[in-house]
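Per-entry structural report
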Amino acid sequence: MTSWHIVFAVVLVYLAANLVVGLLPSRRSSDTVAGYVAGDRGFGTVVMFFVTGASVYSAFAFLGGPGWAFSRGAAAFYILGYGVLGIAPYFALGPWAARLGRKHGYVTQGAMLAHRFQNRWVAFTAGIVSVIAMVPYVALQMRGAGIVLEQVTDGNIPLPLGAAMAYGVVLIYVWRSGVMGVGWTNVFQGVFMLVIAWVLGIYIPLRLYGGVGPMFEQIAAARPEMLTVPGLTAAGDPWTPVGYSSAIIVSAIGLMMWPHLFMKAFAAKDDATIRRTVMLFPLFQLFLLPLFLVGFAGVLYSSAPSDPDAIMPHIILNSGLPAVVVGLFCAGALAASMSTGDALVHGAASIAVTDVYGSVRTRSLSQHDQRRLIRWLALVVGVLAYAIALQSGLSLVAMLLAAYGAIVQLAPSVYAAFLWRRASAHGVIAGLLVGISVTGALLVMPHWKPWGIHEGLVGLAAHIATLVVVSLATPPPPDTHVSEWLSTSRAGD
Amino acid sequence: MKRAAVMIAFAYFIAMGFAVTFPGIRPFNTIEPLVFGIPFVFAWVLSWVAGSTLVFFLLYRAYNE
């Protein structure tokens, strides 16, 4: 048995364990949409904590984090900077949304907004924006899983096969168990990725440099530009302070707008559960520290790979670790990928059915039929994302940035719903369309971007201006409805 | 109690927003002195993250007494 066989065996054991954890709860939720999408609103703190933490930190954090630290140095600190800022508003927004969800039965953001603005096209537009952003994000996770497996098995498991194996498991438990499968596997995957990250992050600098301090002293002597912000760009030139700062701002505003994260408010057992989740989130986030340490450990290695996403596997493979440990690392990376990918597949399918299809269908579907449709859609999302993931030469970092630019556009709608009585359905829809168009145009024509500001932020400015102007020119929903809606959201604050 | 906690949280996160982006981060953007072996600016961002745990704890206590 050669070493890649051992690595692969560890990965197979990990995938099998995932399948078991994912399939166990399949009988525990009701045969309704609320059961499949929101777990009958029964998630406790442990599940909520890991669903949130493990869904936020994906293959991008596990591979991209060290990759950025390795190739762009302190630029990676932006990932550390935005997490807490992004989740803080959820301390208020989460319970507000949850109370409305309990009373009115929503399981998605789109349904919540459509009811608030009394217009189903709000759900339709928000739903389309969400799905457009989520599918490439799933593709990114699949590619991450495939890259790791290919690297650690010396190419014996090629990217398409590795991605298909990991996501085959995901699709099976999402199909069978819905959000309950996502929840319990995320507990398993979350613990796994935290432990692996901390163990490797302490061990590797110790082994290669004799400790964290000596490591940074050597980097400071050889490449000091790597250790102060804003760090470097992907091309190795200095990054701009504006680019660095606007990346933090866009990501912080966008973070909890991701539907697969926001809609977990509808799955939480009670308000205190959501608040505890927010309170504990920084503890999860600190796992970026060991991941960055692994990336920095590679800086002084001349033999490093040209693809920064492969740095983490490269360092692991070249530090003489036993094959079992390499296998565990690989499983940790798969855990990071799958814990985000499963929530995205499940969330995108739920939105496509309840918000997009639900807004245009002519006859009503039974709960059972809707649930079945969501399952099929999850399969479609998986296959679509897989097709995108296999396109070589596609820049996945660019896709992630594009996805963030799109998803951040949900923020004005959500905040207007809770904070601005005068906002109207037309204003919200017009704002979404303008925001997406401006962001998309700047993505295609990056030289139009003023002062290197993130395109999502420019789109956001255009979005807010449109929302305000159109809202003031069109009638808001009836005052009694808005008052009732707002007082439900605040009841118990 | 609730009001005070919310005010503190608002102040903290706005301050953090300035402290981890430009130009607020500039005075702290140095490698030396290393803090527990970590470059100073890295430790600076980390400590804002760690500090948020306290602020969230305060908020949580205020809301769930």
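The notes below deal with the structure included here.

Definitions and limits used
- Residues numbered from 1 in each chain as written.
- Chains lettered and ligands numbered in written order.
- Predicted model: local features only at pLDDT ≥ 70, side-chain atom pairs only at ≥ 80, totals over all residues.
- Heavy atoms only, no water.
- Helix = DSSP H or I, 4+ residues; strand = E, 2+ residues; numbered from the N terminus.
- Rg over C-alpha atoms; globule rule 2.2 N^0.38 Å.
- Buried < 20%, exposed > 50% of the residue type's maximum accessible area, 1.4 Å probe, protein only.
- Contact = heavy atoms within 4.5 Å.
- Areas by Shrake-Rupley, 256 points an atom, 1.4 Å probe, with all protein chains shown as cover.
- 1 Å grid on protein atoms, 1.4 Å probe; cavity = no way out; pocket = protein on both sides within 12 Å on 5 of 7 lines; lining within 4 Å.
- Points joined across faces, edges and corners; volume = space filled by probe spheres on them.
- Salt bridge = Lys/Arg side-chain N within 4 Å of Asp/Glu carboxyl O.
- Core = buried A, V, L, I, M, F, W, Y, C linked by side-chain atoms within 4.5 Å.
- Axes fitted to C-alpha atoms, helices over the stretch in contact; angles between N-to-C directions.
- Parallel < 35°, antiparallel > 145°, perpendicular 65-115°, else oblique.
- Left-handed = near helix turned anticlockwise from the far one by under 90°.
- Nonpolar A, V, L, I, M, F, W, Y, C, P; charged D, E, K, R; others polar.
- Patch = residues over 30% accessible without salt bridge, like charges linked within 9 Å, V, L, I, M, F, W, Y side chains within 5 Å.
- Phe/Tyr/Trp six-rings, centres within 6.5 Å; stacked < 30°, edge-to-face > 60°.
- Lys NZ or Arg CZ within 6 Å of the ring centre and 35° of its normal.

Considering the overall build of chain B
Looking only at helices and strands, chain B features 2 helices and 0 strands. The C-alpha radius of gyration computed for chain B amounts to 14 Å, which surpasses the reference 11 Å derived for 65 residues by more than 25%, pointing to a less compact arrangement than a globule. Projected onto its principal axes, the C-alpha coordinates of chain B cover approximately 45 × 25 × 10 Å. Buried residues in chain B amount to 46% of all 65 residues. The contacts of chain B with a sequence gap of at least 6 include a subset with a gap of at least 24, amounting to 57%. Taken as a whole, chain B presents about 3500 Å² of accessible surface, with 74% of it coming from carbon and sulfur.

Some words on the side chain of A:Thr185
Its place among the elements puts A:Thr185 in helix H9 (residues 159-209). Setting aside its immediate chain neighbours within four residues, A:Thr185 contacts A:Asn18, A:Val21, A:Gly22, A:Tyr173 and A:Asp342.

Points about empty space enclosed by the protein
Residues and elements named next belong to chain A. Counting across every chain of the model gives 3 cavities of 30 Å³ or more. Roughly 170 Å³ of internal volume is contained in the largest cavity. Lining the largest cavity are 21 residues, and of these Phe 60, Tyr 82, Tyr 137, Leu 400 and Tyr 404 lie nearest its centre. Looking at the lining of the largest cavity, the elements that each hand over two or more residues are helix H3 (45-56), helix H4 (59-72), helix H5 (77-87), helix H11 (241-255), helix H12 (259-262) and helix H18 (396-407).

Things to note about the pattern of salt bridges
Oppositely charged side chains are able to pair whenever their charged atoms sit close together. Residue and element names in this part refer to chain A. Applying the stated rule across the entire model yields 8 salt bridges over all chains. When the shortest N-O distance is used, the salt bridge between Asp 479 and Arg 421 registers 3.3 Å. With Asp 479 in helix H22 (residues 479-490) and Arg 421 in the loop between helix H19 (410-419) and helix H20 (425-444), this pair connects stretches of sequence that are 58 residues apart. Using a relative accessible area of 53% as the deciding quantity, one classes Asp 479 as exposed.

Brief notes about the nonpolar core
Of all hydrophobic cores here, the largest spans 197 residues; its most connected members are A:Phe62, A:Phe296 and B:Phe42. By residue number, the principal contributor to this core is H9(A), which donates 20 residues. Setting aside residues up to four positions removed in sequence, A:Phe296 forms contacts with A:Ala69, A:Gly73, A:Ala74, A:Phe77, A:Tyr209, A:Met215, A:Phe216, A:Ile219, A:Met226, A:Leu227 and B:Phe42.

Brief notes about the packing of H4(A) against helix H14 (residues 288-297) of chain A
Residue and element names in this part refer to chain A. Two elements in contact, H4 and H14, have axes separated by 7 Å at closest approach and are oriented at 50°. The angle between the axes of H4 and H14 places the two elements in the oblique class. Crossing of H4 over H14 shows right-handed handedness. Contact residues: Ala 61, Phe 62, Gly 65, Pro 66, Ala 69 and Phe 70 in H4; Leu 288, Leu 291, Phe 292, Gly 295 and Phe 296 in H14. Taken together, the residues of the contact of H4 with H14 break down into 9 nonpolar, 2 polar and no charged.

Describing a nonpolar patch on the surface
Together, A:Val191, A:Val195, A:Val199 and A:Tyr203 make up a nonpolar patch on the protein surface, roughly 320 Å² of accessible area in all. The class for A:Val191 is partly exposed, based on a relative accessible area of 38%.

Considering the packing of aromatic side chains
Per the stated rule, a full pass over the model turns up 41 aromatic pairs over all chains. Each ring, one from A:Phe216 and one from B:Phe42, has its centre 6.4 Å from the other, and the planes form 80°; the classification is edge-to-face. Taken together, the residues span two chains, with A:Phe216 in helix H10 (residues 212-222) and B:Phe42 in helix H2 (residues 40-63). Considered together, A:Phe216 and B:Phe42 belong to a single accessibility category, that of buried residues. Taking 5.9 Å as the distance between ring centres and 85° as the angle between the ring planes, the aromatic pair formed by A:Trp239 and A:Tyr244 counts as edge-to-face. Above the face of the A:Trp239 ring, A:Arg72 is positioned so that its terminal group lies 4.7 Å from the ring centre.

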